[in-house]
Amino acid sequence: MARDPRYDILFEPIRLGPVTAKNRFFQVPHCNGMGHVKPLGHAAMRGVKAEGGWAVVSTEEVEIHPSSDVSPYIEGRLWDDRDIPALRLMTDAVHAHGALAAIELVHAGTHAANLYSRDVALAPSPICVVGSYTPAQARGMNKNDIRAYRRWHRNAALRARRAGFDIIYVYAGHDLSLAMHFLQKRHNQRSDEYGGSLVNRARLMRELIEDTKDAVGADCAVAVRFAVDELRGEDGIQCHEEGREVIAMLGELPDLWDVNVSDWSNDSQPSRFAAEGYQEQFISFVKSVTSKPVIGVGRFTSPDTMVSQIRRGVLDMIGAARPSIADPFLPNKIANGDIDDIRECIGCNICITGDMTCTPIRCTQNPTMGEEWRKGWHPERVPPRSGNDSFLVIGAGPAGLECARILGQRGYAVSLAEAESVLGGRVTRESRLPGLSAWARVRDYRQQQLNKLSNVEIFRTSRVTADEILEFGATRVVLATGAHWRRDGIARANLRPIPGFDRPTVLTPDDLMNGALAVSPVVVFDDDHFYLGAVLAAQLRGQGLDVTLVTPADRVSAWTVHTIEQYRVQKELLSQGVAVITSRNIRGFDGQHLQLACTYTGRESSLTAACVVSVTSRLPDTALSDALEPRAAELAAAGIVSVTSIGDCLAPSTIAAAVYAGHRHAREFDWPESDAVGFRRELPHLADVPLEERIPL
Ligand SMILES: Cc1cc2nc3c(=O)[nH]c(=O)nc-3n(C[C@H](O)[C@H](O)[C@H](O)COP(=O)(O)O)c2cc1C
Ligand code: SF4
C-alpha cells in the first residue's frame, strides 16, 4: 500500500551536526542482556532494527571504564581498544541498512558496584553504592579523579569513532550516571567549583560535552541524554526549574538533545500506569530553549501521535525503545502504508526482565527479539513450508494464535479451533482487568494477521473432542488449551493443599474473571508474585470492598522488580486503601478467619475474612492430551503424525512465554529429534587471548 501523505513528515531527513538522519525514527538506547557478553547476538538485533527503517540505532549504556562496571548486569563495554571489534559488529550491521549508529557512553558512578573489576566506586561526594544493598561506599572524587574521568570519557569517544559510531552520547539520565550525579543537589555536596550553584554542578556536564565535541565533533554528532525531571519534587531535578535551566545554559553545545524523565521506572512506565505520550508534559518546553533537534520518548506506536508531536513542536525525532522492540519494522510499515501490520508494544515491560535477570532480551509481542542471531529468527520473514502437513491448532490464546500465524505464513493449511466465541484466551480475559487493556493487542495483532491468510480457517465456539480430532483429517495437532488457576492454594509457600481452601468462599482469579462476586472483608492471597494478585486486589478495592493482600514474599508482586514497576504497584495498593500483609503464609481457613504464619518465625496470627481469592499457581488444561495419549494406534491410523502441547497447557508461564512457544513450534516442528543445543552460542573465544596470557598460574 502507498504511504498516507499525512505521515510524510516522519520521513523527512534531519541534520544532526555533521551527520544526517534519513528520517525521524530514533531507536534510543536500550539494554538487552546481550551487550558485551554476546556481541554477535547484540549486533544482529540492532541490524534488524536498522533494516526495519530506524534512521538511528543506538547501543545500550556502554561502560567507559572498569570503575563503571555494572556487573552482573550486561551492558556494552568500551574499557579499552580490545572492546572495539565487538562494537564494530554492531556499527557494520547498522550501516549495512543505511542507518546511523549511536553509542551511549556511561560512567555509572555510585550505581556501579564494580563487582567484577573490584575498583572503588566514584561519586561527587562520599555516598553508599546505590541501586542495590551492596555493602560498599563510593569515594568522593578529587580534582585528579575528575581529570581522569574526563580523559576516560574522551578516550572512549575516540574509540567509539574508531568502532564506526556516527552519534556519541554524553549521558546524564536515569539517576544512573556521574554527569547526572554531579548535577543533583542530593548527590553533590562539594564546595569547590564543581559543587554549590547550578552553574558549578553543571560544569562537569559542560566539560564532557565540550571534550567530546573537541575529540570527535568533526565527524560524529554529539548527543546529550538528559532527564529534565526526576518526578521527586524539590528533592530532584524538576522540569520547570533546574531541568529547564540546564538546557538553557548548555542548549547550543551538543548537536541534539534526547530528553526524558528519571529514574528508569519513571521513564519506562508500563501501560498499566501511563498512556502513550506520557512524557510530553515534562519535556515540551525543551524546544523553546534550544535550537538543536530534540528527541523524546513515550511508548509511541501510533503514527498520528508521532506526527502530532512533530507538528506541535514538541519533538523533532520520535524516540522509541519498547515500540522498536515490539516491532523493529515499525518505520517501514508506516512508510509502506502497512499501518495495520504494526505490532504495537503492549507496555508490559517483559523486555526489561532480560536486563534485570542478566539474560537475553525477550518481548511479549515480538518472540524473535533476542533470537535474531542465535536462532536466525527474523521478525518479518519465516521459512516457507517444508512439506504438505496440515495443522489443527486447538485453542486461540497467545500460544495458539501465534502458532497459527506463523504456520499460516509459512504456507501450511491451518485450522484454528477456539472453544469461546472471542479469540485470545487468557489475553482477552486479563485485558478486561483494570490497567491491562493494552494487552489485548497481543490478540488483535494476531487476529488481524490471520484474517489475511486464506490458508488459515478459524472455528469459534468449537470445543473439540478427542474423537473429533481423530476424524478431522489434519496430519499434525497442536494443543494450546491453556491453564486454570488452582483452588487448593498449592504454589511456592505451600506444597500441600491449604486446609479450608475447598470452601465455596475461596475464589480463584478465573472465578472473578468469569464474574463471581467477592464479599468484604476479602483477602487476596498472592503466592504467584507477578501482576495478577495486585491487579485483582485493586479491582476489588475499586468495587468498594474491604481488601487485604497477604503474601509470603517480603513485598507485593515481588517479581515485578524485574519489570521495574514493583514500587508503583505497592504504592498504588497502599494509596487505594488496600491493607498489605507481607511475609505471611496461610495455614488454614475456617470460613471466617484465616490462620496466618510468619514466614520467618512461624508465629501465628488470625485475620478475619469472609472471602479469599487464591492467586497461587495454575494447572495445565490437559484433558485433550490425556484423552489422546492412550489412542496412539488410532492417531496413526488417522494419519496424525504428531500431537504437541505448547504454552500454558504444557507448563503455565507468562504470556510472553506462550507466544514464544507458539512461534517456536511453528518454526521448529519439522526439526529432526536431537539432543543438540537448539541455538548458536557465543563461547569464550580463547584464540584472541595472547599465548602468554593463557598460561594458568
Ligand atoms: C529494555 C530496556 C532497556 C533500557 N536500557 C536503557 C539504557 O541502557 N540506557 C538508557 O538511556 N535508557 C534505557 N532504557 C530507557 C529507554 O531508552 C526509554 O527512554 C524508555 O524506555 C522510554 O521509551 P519507550 O516508551 O519508547 O520505551 C531502556 C528501556 C528498556 C525498555
Ligand atoms: S516486552 Fe512488552 S513492553 Fe517490552 S517491547 Fe515487548 S510488548 Fe512492549
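Located above this text is the structure these notes cover.
Rules of the game
- Residues numbered from 1 in each chain as written.
- Chains lettered and ligands numbered in written order.
- Predicted model: local features only at pLDDT ≥ 70, side-chain atom pairs only at ≥ 80, totals over all residues.
- Heavy atoms only, no water.
- Helix = DSSP H or I, 4+ residues; strand = E, 2+ residues; numbered from the N terminus.
- Rg over C-alpha atoms; globule rule 2.2 N^0.38 Å.
- Buried < 20%, exposed > 50% of the residue type's maximum accessible area, 1.4 Å probe, protein only.
- Contact = heavy atoms within 4.5 Å.
- Areas by Shrake-Rupley, 256 points an atom, 1.4 Å probe, with all protein chains shown as cover.
- Lys, Arg positive; Asp, Glu negative; His and termini not counted.
- Charge placed at Lys NZ, Arg CZ, Asp CG, Glu CD.
- Pairing = 2+ DSSP bridges.
- Near = heavy atom within 4 Å.
- Polar contact = N/O pair within 3.5 Å; in protein donor to acceptor, adjacent residues only side chain to side chain.
- Nonpolar A, V, L, I, M, F, W, Y, C, P; charged D, E, K, R; others polar.
- Salt bridge = Lys/Arg side-chain N within 4 Å of Asp/Glu carboxyl O.
- Phe/Tyr/Trp six-rings, centres within 6.5 Å; stacked < 30°, edge-to-face > 60°.
- Lys NZ or Arg CZ within 6 Å of the ring centre and 35° of its normal.
- Axes fitted to C-alpha atoms, helices over the stretch in contact; angles between N-to-C directions.

Some points on the overall build of the protein
The number of helices and strands found in the protein is 25 helices and 29 strands. Against the compact-globule benchmark of 26 Å for 697 residues, the protein has a radius of gyration of 27 Å, which places it among compact chains. Taking the principal axes of the C-alpha coordinates as reference, the protein spans close to 80 × 65 × 65 Å. Expressed as a percentage of the 697 residues in the protein, the buried residues total 59%. Of the contacts formed within the protein by residues at least 6 apart in sequence, a portion of 72% connects residues at least 24 apart. About 27500 Å² of surface is accessible on the protein, with carbon and sulfur atoms providing 51% of the total. For the protein, the centre of its 76 positive side-chain charges and the centre of its 86 negative side-chain charges are spaced 2 Å apart.

Description of the sheet that holds strand β7 (residues 122–123)
What the 3 strands build is an open sheet, ordered β7-β9-β8; its pairing is mixed. Taken across any chain shown, the strands that pair with only one partner, and hence form the sheet edges, are β7 and β8 (127–128). As defined by bridge partners, β7 adjoins strand β9 (residues 137–140) across 2 bridges and the pair is classed as parallel. When the bridges of β9 are listed, Ala123 appears paired with Gly140.

Brief notes about unusual backbone geometry
Residue Ser71 is joined to Pro72 through a cis peptide bond whose omega torsion reads 10 degrees. Relative to the assigned elements, Pro72 resides in the loop between β4 (56–63) and β5 (76–77). In the segment running from Ser262 into Asp263, the intervening peptide bond is cis, with an omega of 0 degrees. Secondary-structure assignment places Asp263 in the loop between β12 (256–261) and α8 (264–267). Notably, Asp175 is not glycine yet its phi reads approximately 65 degrees, a positive angle. Residue position: Asp175 is located in the loop between β10 (167–172) and α4 (178–183). Asp175 gets classed as buried once you look at its relative accessible area, which sits at 13%.

What to know about the site of ligand 1
Lining the immediate environment of ligand 1, one finds 24 residues, of which Pro29, Glu104, Asp267, Ser268 and Arg299 sit closest. Contacts to ligand 1 include Glu104, whose side-chain N or O atom sits 2.7 Å from an oxygen atom. Between ligand 1 and the protein, one listed contact pairs an oxygen atom with a side-chain N or O atom of Arg225 at 2.8 Å. Expressed as a share of its isolated accessible area of 600 Å², the protein-covered part of ligand 1 is 99%. At the level of secondary structure, the elements contributing two or more residues to the shell around ligand 1 comprise β4, α8, α12 (322–326) and α14 (350–356). By residue class, the composition of the shell around ligand 1 is 12 nonpolar, 5 polar and 7 charged.

Describing the environment of Ser271
With respect to the helices and strands, Ser271 occurs in the loop between α8 and α9 (280–283). For Ser271, a relative accessible area of 15% corresponds to the buried category. Counting along the chain gives 76 residues from Ser271 to Gly347, while the straight-line C-alpha distance between them is 4.5 Å. Excluding residues that lie within four positions of it along the chain, Ser271 makes contacts with Arg299, Ile346, Gly347, Gly435, Ala438 and Trp439.

Structural notes on the pattern of salt bridges
Across all of its chains, the model carries 52 salt bridges by this definition. For the salt bridge of Arg154 with Asp214, the shortest nitrogen-to-oxygen distance reads 2.9 Å. Residue Arg154 is found in helix α3 (residues 143–162), and its partner Asp214 is found in helix α6 (residues 203–216); the two are separated by 60 residues along the sequence. You can call Asp214 exposed: its relative accessible area is 56%. The salt bridge partner of Asp255 is Lys213, with a shortest N-O separation of 2.9 Å. Of this pair, Asp255 sits in the loop between α7 (242–250) and β12 while Lys213 is found in helix α6, placing the two residues 42 residues apart along the sequence. On the basis of relative accessibility, which here comes to 27%, the residue Lys213 falls in the partly exposed class. Salt bridges sharing partners connect three or more residues here, namely Lys143, Arg190, Asp192 and Glu193.

Concerning the environment of Glu457
On the secondary structure map, Glu457 appears in strand β17 (residues 456–459). Spatially, the C-alpha atom of Glu457 lies 55 Å from that of Leu115, the residues being 342 residues apart in sequence. Contact partners of Glu457, with chain neighbours within four places excluded, come to Val414, Ser415 and Leu416.

Side note on the packing of aromatic side chains
Inspection of the entire model under this criterion finds 14 aromatic pairs. For the pair Phe25 and Trp54, a centre-to-centre distance of 5.8 Å together with 90 degrees between the ring planes defines the contact as edge-to-face. One end of the pair, Phe25, is in strand β3 (residues 25–27); the other, Trp54, is in the loop between α1 (39–51) and β4, and 29 residues separate them in sequence. Taken individually, Phe25 and Trp54 each receive the classification buried, so the pair is uniform in this respect. Centroid distance Trp377 to Tyr660: 5.4 Å. Interplanar angle 40 degrees. Geometry classified as tilted. Remark: Tyr660 occurs in helix α24 (residues 655–668) and Trp377 occurs in the loop between α14 and β15 (390–394); sequence separation between them is 283 residues. Taken together through their ring pairs, the aromatic side chains of Trp439, Phe530, Tyr531 and Trp559 make up a single cluster. Arg374 extends its terminal NZ or CZ atom over the ring of Phe679, reaching a point 4.2 Å from the ring centre. Between the NZ or CZ atom of Arg618 and the centre of the ring of Trp485, over which it lies, the distance is 5.2 Å.

Observations regarding the sheet that holds strand β25 (residues 593–598)
In spatial order, the strands read β24-β25-β26; together these 3 strands make up an open sheet with antiparallel pairing. Looking at which strands have only one partner, the edges of the open sheet turn out to be β24 (584–589) and β26 (604–608). In this sheet, neighbouring strand axes are inclined to one another by 35 degrees on average, regardless of whether the strands run parallel or antiparallel. Summarising the sheet, β25 and β26 pair through 5 bridges and their orientation is antiparallel. Following the sheet pairing, Gln595 is matched in β26 by Ser606.

Side note on the side chain of Arg486
On the secondary structure map, Arg486 appears in the loop between β19 (483–485) and β20 (506–507). In this structure Arg486 comes out as buried when scored by relative accessible area, which is 17%. Within the local environment of Arg486, its side chain forms a polar contact with the side chain of Asp488, the two groups lying 3.0 Å apart.

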